[in-house]
Amino acid sequence: YTATKEYPVLFIFHGNNRNIEKSKESWVSKIMREEYISVFLQSYIYSNNTNYLWRTGDAKTGREFKDIYDQIMSRYTVDTSRIIAAGMSAGGWLALDFAFNRFVPITGLVLNCPVVPADIDEEEIGQFVAMNRRIGIITGENDFALEAQKSLVGKINEAGGEGKITINKDSGHDFVKDFPDLLDQYLGWIIE
C-alpha cells in the first residue's frame, strides 16, 4: 500500500456455514494482492463453533458493514469509482442486496455461486445499468441457483448493462480449481 496511489477496494462476504479464514483461503488472486485493498468480512451470527451465517434484512449487519466501509474510505486512499463487492453463496446474496439497494456505492460485483435475491425488480436493474455497474458470476453447471444467476445476468444485459457468467462443467455450489484465474479475469474486467 502506498498512500500516494488510489486503490480499488474489494469487499468479500463469506458463504453461510463458512468463516473469514475460509474466505481468505478461497478468495486469493494476483490482481487482488497487487492492485486492491481487500476487506474480508465475517458475520456475527453463529452457525456453529467455527462458522457463521448471513441473514436477510439484518439491521446490525447493515450498520456494521456501513461502519467498516466508512472506516476504509477515511483511512485509505481509495478510488471511489472502483468499489467491488464479492461473495460466495449467501455472501453473494448479501453483496447483491447491498449493490442493488445502493446501501453503499458499489460499482461492480464478482460473485461465486451467489444465491440471487428474488426481489430484484426491473427498476433496480435499470438503476444498476444506468450507473454503469458490471457483474461477473462464476458458478457450476450443477449449482442449485444456476437458473436465477443466468436470469439475473440476462436481465442486466437485456437492459443494456454488462454482465458475464462463467459456468464450470462438472461443478456445483463450490469454488472451482481455477477460481483464482477466473477471479483475476473478472476483477480486471470490472475495473478496466
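Structure: see above.
Parameters at a glance
- Residues numbered from 1 in each chain as written.
- Predicted model: local features only at pLDDT ≥ 70, side-chain atom pairs only at ≥ 80, totals over all residues.
- Heavy atoms only, no water.
- Helix = DSSP H or I, 4+ residues; strand = E, 2+ residues; numbered from the N terminus.
- Rg over C-alpha atoms; globule rule 2.2 N^0.38 Å.
- Contact = heavy atoms within 4.5 Å.
- Areas by Shrake-Rupley, 256 points an atom, 1.4 Å probe, with all protein chains shown as cover.
- Lys, Arg positive; Asp, Glu negative; His and termini not counted.
- Charge placed at Lys NZ, Arg CZ, Asp CG, Glu CD.
- Patch = residues over 30% accessible without salt bridge, like charges linked within 9 Å, V, L, I, M, F, W, Y side chains within 5 Å.
- Salt bridge = Lys/Arg side-chain N within 4 Å of Asp/Glu carboxyl O.
- Buried < 20%, exposed > 50% of the residue type's maximum accessible area, 1.4 Å probe, protein only.
- Expected span 1.5 Å × (residues − 1).

1. With respect to the overall build of the chain
So, point 1. Of the regular secondary structure elements, the chain holds seven helices and eight strands.
So, point 2. In terms of overall size, the chain behaves like a compact globule, its C-alpha atoms giving a radius of gyration of 15 Å where 192 residues would be expected to give roughly 16 Å.
So, point 3. Projecting the C-alpha coordinates of the chain onto the three principal axes gives extents of approximately 45 × 40 × 35 Å.
So, point 4. When contacts within the chain are restricted to residue pairs at least 6 apart in sequence, those whose partners lie at least 24 apart make up 73%.
So, point 5. When the accessible area of the chain is evaluated, it comes to approximately 9300 Å², of which 46% is carbon and sulfur surface.
So, point 6. Seen as two clouds, the 20 positive and the 27 negative side-chain charges of the chain have centres 4 Å apart.

2. Considerations on a negative patch on the surface
So, point 1. On the surface, a cluster of negative charge is made up of Asp119, Asp121, Glu122 and Glu123.
So, point 2. In this structure, Glu122 sits in helix α5 (residues 122-130).

3. Comments concerning unusual backbone geometry
So, point 1. At Ser89, a residue that is not glycine, the phi angle is positive and equals roughly 55°.
So, point 2. Its location among the elements puts Ser89 in the loop between β5 (78-88) and α4 (90-100).
So, point 3. On the basis of relative accessibility, which here comes to 12%, the residue Ser89 falls in the buried class.
So, point 4. Despite not being glycine, Asp170 shows a phi value in the positive range, around 60°.
So, point 5. Locating Asp170 in the fold gives a position in the loop between β8 (162-168) and α7 (179-191).
So, point 6. A relative accessible area of 64% means that Asp170 is categorised as exposed.

4. Brief notes about helix α3 (residues 59-75)
So, point 1. Spanning 17 residues, α3 covers 24 Å between terminal C-alpha atoms, matching the ideal 24 Å at 1.5 Å per step.
So, point 2. Against the buried residues of α3 lie β1 (7-13), β2 (37-41), β5 and α4.

5. Notes on α7
So, point 1. For α7, with 13 residues, the first-to-last C-alpha span of 18 Å sits near the 18 Å given by 1.5 Å per residue.
So, point 2. Along α7, the residues that are buried comprise Phe179, Leu182, Leu183, Asp184, Tyr186, Leu187, Trp189, Ile190 and Ile191.

6. Some points on the pattern of salt bridges
If charged atoms from side chains of opposite charge come close, those side chains can pair.
So, point 1. In total, this model carries eight salt bridges according to the counting rule given.
So, point 2. As a salt-bridge pair, Arg82 and Asp79 come within 2.6 Å of each other at their nearest N and O atoms.
So, point 3. Take Asp79: its relative accessible area is 14%, and that puts it in the buried class.
So, point 4. As a salt-bridge pair, Arg134 and Glu162 come within 3.1 Å of each other at their nearest N and O atoms. Of the two residues, Arg134 is situated in strand β7 (residues 134-140) and Glu162 in strand β8; the sequence distance between them amounts to 28 residues.
So, point 5. With a relative accessible area of 14%, Arg134 lands in the buried category.
So, point 6. Looking at Glu162, the relative accessible area reads 35%, which means it is partly exposed.
So, point 7. The network of salt bridges with common partners includes Arg134, Glu162 and Glu192.

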